[in-house]
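Analysis of the macromolecular model
Below are the chains, spelled out letter by letter.
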Amino acid sequence: MFARCLWGVRFFSQAALSTDAAAQALKTPAGAIKYPFFVPRNSNGNLPVYTDIRNGGTRILVSIRNVDGNASVLAEELASTLFAPTSREAQRIKIKTNHNHVVISGGRWKQEVVEWLKAKGF
Ligand SMILES: *[C@@H]1O[C@H](CO)[C@@H](O)[C@H](O)[C@H]1NC(C)=O
């Protein structure tokens, strides 16, 4: 708990000085960054959400790359809130982490993931 708080403080001061995304996050109604993870925008100013088509088109992976902080928490929050719990999508979605990447399988959901991150202020 203490370590998490320390990390949050360090992150807050760095991000507040260095990125537009953080500036946007600061303007969310909650008024402060409240997640133990951060998703920096890429050099084009876009959220780093990518679609990979595997296995001749039968397997679609959506990944969020280069997550700062605890990517497992991001994965858990996505799994529980990206789709309504009773929806078909919620039954199909699978989310894993691979180092600082979050990998989502089960559907072509890049746009949903981007909107979810934007709604969180990233
Ligand atoms: C990241 O979050 C998970 C789930 O809350 C937790 O179990 C894990 O200890 C955290 N890892 C770090 C490095 O804080």
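For the protein, an unreviewed UniProt entry supplies the name Large ribosomal subunit protein mL49 and the organism Candolleomyces eurysporus. The UniProt entry for the protein carries the following comment under Sequence similarities (unreviewed entry): "Belongs to the mitochondrion-specific ribosomal protein mL49 family."

We now examine helix α5 (residues 110-119). What α5 keeps buried is the set Val113, Val114, Trp116 and Leu117. Down the axis of α5, the sector holding all buried residues measures 160°, keeping them to one side. In this structure, the buried residues of α5 make contact with β2 (49-54), β3 (59-64), α3 (71-81) and β6 (101-105). The positive-phi residue at the C-terminal boundary of α5 is glycine 121, with phi of around 100°.

Turning next to the nonpolar core. Ranked by size, the top nonpolar core spans 26 residues in total, and within it Ile64, Leu74, Leu78, Val102, Ile104 and Leu117 carry the most contacts. Considering each element in turn, this core owes the most residues, 5 residues, to α3. What leucine 78 contacts, discounting residues up to four positions off in sequence, is Ile64, Ile95, Val102, Ile104 and Trp116.

Parameters at a glance
Residues numbered from 1 in each chain as written. Predicted model: local features only at pLDDT ≥ 70, side-chain atom pairs only at ≥ 80, totals over all residues. Heavy atoms only, no water. UniProt positions renumbered as here; feature names shortened; annotations may be inferred. Buried < 20%, exposed > 50% of the residue type's maximum accessible area, 1.4 Å probe, protein only. Helix = DSSP H or I, 4+ residues; strand = E, 2+ residues; numbered from the N terminus. Arc of directions from axis to C-beta. Contact = heavy atoms within 4.5 Å. Core = buried A, V, L, I, M, F, W, Y, C linked by side-chain atoms within 4.5 Å.

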